[in-house]
Amino acid sequence: MSEASSRLAGEGAREGAGPRADAPVQRPVALITGAARRLGRTIATRLAQAGWDLAVHYRGSHDDAEQLCGQLRASGVRAHGFCAELGDEAAVRELVPRVAREFGRVDALVNNASLFEYDAVADFGAEAALRHYRINTVAPVLLARALHAELQRRDARGCVVNLLDQKLWNPNPDHLSYTLSKAALREANTLLAQALAPRLRVVAVAPGMTLGSDLIDEARLRELQAAGPLGQGPGADDVADAVLFALRNPGLSGCELLVDAGQHLQPRSRDFAF
């Protein structure tokens, strides 16, 4: 029995909804949005190693998603890709039911996918703001609500992990629409934890500057990380471990875990990229 399966079986027994002692224990299932690439891919891999089956959500990264699912299946993990546009409310509402039909259950949701387009006060407008809000705030709330309904159907309990950003604790006006949408998700993390308890725990993980980008190459990334309070990281594995910790720990809900190697302790007037 995997560690994750054993833990969920134990929680189910305490809640009076666990399987019979002689029944096979199913591996828990996690839906991870934006799981085909970058940080989401690392989180998916870490959860698979810890005993989870994976619903790999993607939008345009079909080949990456299929490659990841193939790797996970080769290691004995059930893994399937699910394409959905998170800016489309109908597609978002259907995503958790699709996963439940494929796997027979959904136990956890990791809201990792996000839109990250540059704007500032000078070029701020409703179109960009609403585009970020739909994907970064509305979709996670709808998905959490859908997971709660799925858990009610099974008389089970589960967890949502919302990916935030250390920028919320150390704000600057760059990426204004993105920042506003993540600030709304931070507040939603608290409200969902209140509204969906006790069936669903809701925890936030806020990474710092973890991976390179089109604006920050690997050399510049290492330089910026070395200038931080801890002189290193964080790495994608650190964030994935925090997500797994949140999923495993039944005492966490409505809280926020900063995984940024202390970057939020250094005020910045501009984004790292600038």
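You'll find the structure just up there.
Here we summarise the structure given alongside this text. (Residues numbered from 1 in each chain as written. Predicted model: local features only at pLDDT ≥ 70, side-chain atom pairs only at ≥ 80, totals over all residues. Heavy atoms only, no water.)

## As for the packing of helix α2 (residues 38-49) against helix α3 (residues 62-74)
Point 1. Direction vectors running N to C along α2 and α3 enclose 15°, while the axes themselves pass 11 Å from each other. Between α2 and α3, the crossing angle belongs to the class labelled roughly parallel. Handedness of the α2/α3 crossing: right-handed. Of the residues in α3, those touching α2 at Arg41, Ala44, Thr45 and Ala48 are Asp64, Gln67, Leu68, Gln71 and Leu72.
Point 2. Among the residues forming the contact of α2 with α3, the class breakdown is four nonpolar, three polar and two charged. (Axes fitted to C-alpha atoms, helices over the stretch in contact; angles between N-to-C directions. Helix = DSSP H or I, 4+ residues; strand = E, 2+ residues; numbered from the N terminus. Parallel < 35°, antiparallel > 145°, perpendicular 65-115°, else oblique. Left-handed = near helix turned anticlockwise from the far one by under 90°. Contact = heavy atoms within 4.5 Å. Nonpolar A, V, L, I, M, F, W, Y, C, P; charged D, E, K, R; others polar.)

## A word on the state of the cysteines
Point 1. According to the stated counting rule, one finds zero disulfides in the structure shown.
Point 2. In this structure Cys255 is not part of a disulfide, and its nearest cysteine sulfur, from Cys159, lies 8.9 Å away. (Disulfide = S-S within 2.5 Å.)

## Let's talk about the environment of Ala128
Point 1. Its place among the elements puts Ala128 in helix α5 (residues 126-154).
Point 2. Looking at Ala128, the relative accessible area reads 18%, which means it is buried.
Point 3. Separated by eleven residues in sequence, Ala128 and Glu117 place their C-alpha atoms 8.3 Å apart.
Point 4. Not counting the four nearest positions on each side in its chain, Ala128 is found in contact with Asp119 and Ser177. (Buried < 20%, exposed > 50% of the residue type's maximum accessible area, 1.4 Å probe, protein only.)

## Description of the sheet that holds strand β3 (residues 79-83)
Point 1. Spatially, β3-β2-β1-β4-β5-β6-β7 is the arrangement adopted by the seven strands of the open sheet, whose pairing is parallel. Both edges of this open sheet fall to β3 and β7 (255-259), since each of them pairs with a single strand only. Between one strand axis and the next, the sheet turns through 20° on average, direction left out of account.
Point 2. With five bridges joining them, strand β2 (residues 53-58) and β3 adopt parallel strand pairing. (Pairing = 2+ DSSP bridges.)

## Re the packing of aromatic side chains
Point 1. Tallied over the full model, the rule gives two aromatic pairs.
Point 2. With a centroid separation of 4.6 Å and 85° between ring planes, the pair formed by Phe116 and Tyr178 is classed as edge-to-face. One end of the pair, Phe116, is in the loop between β4 (108-111) and α5; the other, Tyr178, is in helix α6 (residues 176-196), and 62 residues separate them in sequence.
Point 3. Taking the relative accessible area as the measure of exposure, Phe116 reaches 45% and is therefore partly exposed. (Phe/Tyr/Trp six-rings, centres within 6.5 Å; stacked < 30°, edge-to-face > 60°.)

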